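# Structural description and commentary
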Amino acid sequence: MKEGQTFMAEGLAGLTREHLSRLRETFRGEVNTPGDKGYDDARRVWNAKFDRRPAILIRPTGAGEVATAIRFGREHGLEIAIRGGAHSNVGHSTTDGGLVIDLSRFRGVTVDPERRIALARGGALLGELDVAAQAHGLVCPVGVIGHTGVGGLTLGGGMGRLQRRFGLTIDNLLAVELVTADGRTVRASESEEPELFWGMRGAGANFGVVTSFEFELREFGPLLHRGVRIYPASALQEVWAMVRDFAAVAPDELTVIVSIGLALPVEDYPESVAGQPIVIVSYNHCGDAASVERDVAPLRAGPEPVSSSDSSQEYLEVQTANDLAMGWGSRSYIKGGYANDFRPEALDALLEHAATGSAESGFGITLQGGAMGRVPDDAMAFTGRDARFEMSAASDWEDPALDETERDWVRQAMAIVEPDAVAGRYLNEISESGPEETRAIYGDGKLARLTGLKRAWDPDNVFRLNHNIAP
Ligand SMILES: Cc1cc2nc3c(=O)[nH]c(=O)nc-3n(C[C@H](O)[C@H](O)[C@H](O)COP(=O)(O)OP(=O)(O)OC[C@H]3O[C@@H](n4cnc5c(N)ncnc54)[C@H](O)[C@@H]3O)c2cc1C
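Fair warning: this is a prediction, and the values are worked out from it, not measured in the lab.

### A short note on the side chain of threonine 169
- Tracing the chain through its elements places threonine 169 in the loop between α6 (163–166) and β8 (173–179).
- On the basis of relative accessibility, which here comes to 0%, the residue threonine 169 falls in the buried class.
- Engagement of the side chain of threonine 169 in a polar contact is seen with the backbone oxygen of proline 141, the distance being 2.7 Å.

What follows is the structure in structure tokens.
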């Protein structure tokens, strides 16, 4: 091979140094390849399990450059990964030997307080949206860690602390602008390309690169009222009966989570339960301080907790409180589903399983319903909002030697509750992907509709690093 035609150590058929220099000349944004000074930093994603080596990372600065990057990837037969906040649980925003279109130069949120609308750029982070909206006493309901990307979270659904009052993030999405596989810029909303907009809300990563999200904002803040009660394992059945019955009548302002896991590290828990399996009931109340006492009273009616605390905190503080604990470089595995109730034997088995876990692993059940439950399930591609509870087992650890142990713990926890699961899976809380997972996420009816959309907008499956709808 002639000098000038050899391309990097990684080597890519058909891609020469000339192609690359032309790309660098055309681009205002950064282009990173192996051997470049910033390459190793640029290729990192949140989950350290996905230590991949893309052939090229491009950071476009505008929609035109996104289109150029897509065209370049297609011309050279490169697998294309789209990166928003880089938090994919499946490693979908990176690729070995392919092209990463990294939207980290596409950050920023602007708010129109009169119209109560936020415009978030395609690579914006949740923290930016929270801060920009709260500056005007407004909010868009999003997830619970500030450095997660608006992109992946929204295109999959968007669950969080305010979901029962204001719905999922997609329930507040008014429009998106995206660059499609053939390089066109398209706007989708209820009135423009409505079928595409239906698919964007739950399967959005399949149809293009979103450069802009338009959200409706709600009046809220600045305080969130919160409480945590810790119970010994022996109280689980009673605690569960209390939460399950409350679920049917709980006000929209309340989000309730039941967690089952080990009380580790021991210094963080009361001596009577330290090191043992425990049950934690936590709530977030986003209404008036005056109504909290009355609204959470049913959660005090059950067994006596070993510890109990209630407080009020600024919403912005709560939204970033775990940003460091859940920082970049974690290794993580998650598997989720939906349920309407749990068999008593499943709860007992979860406790037994918790005893074999670690400080990092746990099982959580989150109350759905409220505003998110009042949107009809067929209104969007997102599936699962009819269930009373969302459930997931998860672990986050650092030592690569624990990869299999932690993964297997999560899988076994979910195997225990599999008989309790109802239709749908939340795609943002699954660490595996493939045709089986895609079918489980959407169900047969929605999958057929999404397949039609995929054939119309991305027949060559250019956007396939996602929970893929095969065209
Ligand atoms: C620490 C942590 C906390 C989390 N908390 C929550 C939570 O509270 N609520 C919740 O619902 N989920 C939560 N999640 C899950 C999260 O929603 C998903 O991991 C989501 O995919 C992350 O989006 P991202 O943009 O950061 O990820 P990325 O890895 O950048 O992208 C994920 C997927 O979305 C696609 N994508 C991203 N941006 C765009 C875009 N602009 N246009 C087209 N496609 C795009 C990518 O191609 C990829 O397929 C959390 C995940 C982590 C790791």
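### Some thoughts on the site of the ligand
- Taken together, 33 residues sit near the ligand, with Gly84, Ala86, Ser93, Met159 and Tyr426 positioned nearest.
- With respect to the ligand, the backbone of glycine 85 contributes an N or O atom lying 2.9 Å from an oxygen atom.
- Contacts to the ligand include alanine 86, whose backbone N or O atom sits 2.8 Å from an oxygen atom.
- Within the complex, 93% of the 940 Å² of free accessible area of the ligand lies under protein.
- For the shell around the ligand, the secondary-structure elements that each account for two or more residues are β3 (80–83), α5 (150–156) and β10 (209–216).
- Among the elements that line the shell around the ligand, the one with the most residues is α5, at four residues.
- Here the shell around the ligand is composed, by residue class, of 15 nonpolar, 17 polar and one charged.

### Some thoughts on the domain arrangement of the chain
- When the domains of the chain are assigned, the result is domain 1 (17–105), domain 2 (109–219) and domain 3 (223–429).
- If you average the C-alpha positions of domain 2 and of domain 3, the two centres end up 25 Å apart.
- Taken residue by residue, the interface counts 32 residues in domain 2 and 39 residues in domain 3.
- Overall, the association of domain 2 and domain 3 removes approximately 2,900 Å² of surface from exposure, summing both partners, and the carbon and sulfur fraction of that is 56%.

### Here's the deal with unusual backbone geometry
- Along the chain, glycine 221 connects to proline 222 via a cis peptide bond; the corresponding omega equals 5°.
- Tracing the sequence through the fold places proline 222 in the loop between β11 (218–219) and β12 (223–232).
- Proline 265 follows leucine 264 through a cis peptide bond whose omega is -5°.
- Locating proline 265 in the fold gives a position in the loop between β13 (254–262) and β14 (277–285).
- Of note in this structure, alanine 86 is not a glycine but carries a positive phi near 65°.

Conventions used here
- Residues numbered from 1 in each chain as written.
- Predicted model: local features only at pLDDT ≥ 70, side-chain atom pairs only at ≥ 80, totals over all residues.
- Heavy atoms only, no water.
- Helix = DSSP H or I, 4+ residues; strand = E, 2+ residues; numbered from the N terminus.
- Buried < 20%, exposed > 50% of the residue type's maximum accessible area, 1.4 Å probe, protein only.
- Polar contact = N/O pair within 3.5 Å; in protein donor to acceptor, adjacent residues only side chain to side chain.
- Near = heavy atom within 4 Å.
- Areas by Shrake-Rupley, 256 points an atom, 1.4 Å probe, with all protein chains shown as cover.
- Nonpolar A, V, L, I, M, F, W, Y, C, P; charged D, E, K, R; others polar.
- Domains from an automatic or database assignment.
- Contact = heavy atoms within 4.5 Å.
- Buried area = accessible area lost by both parts, 1.4 Å probe.

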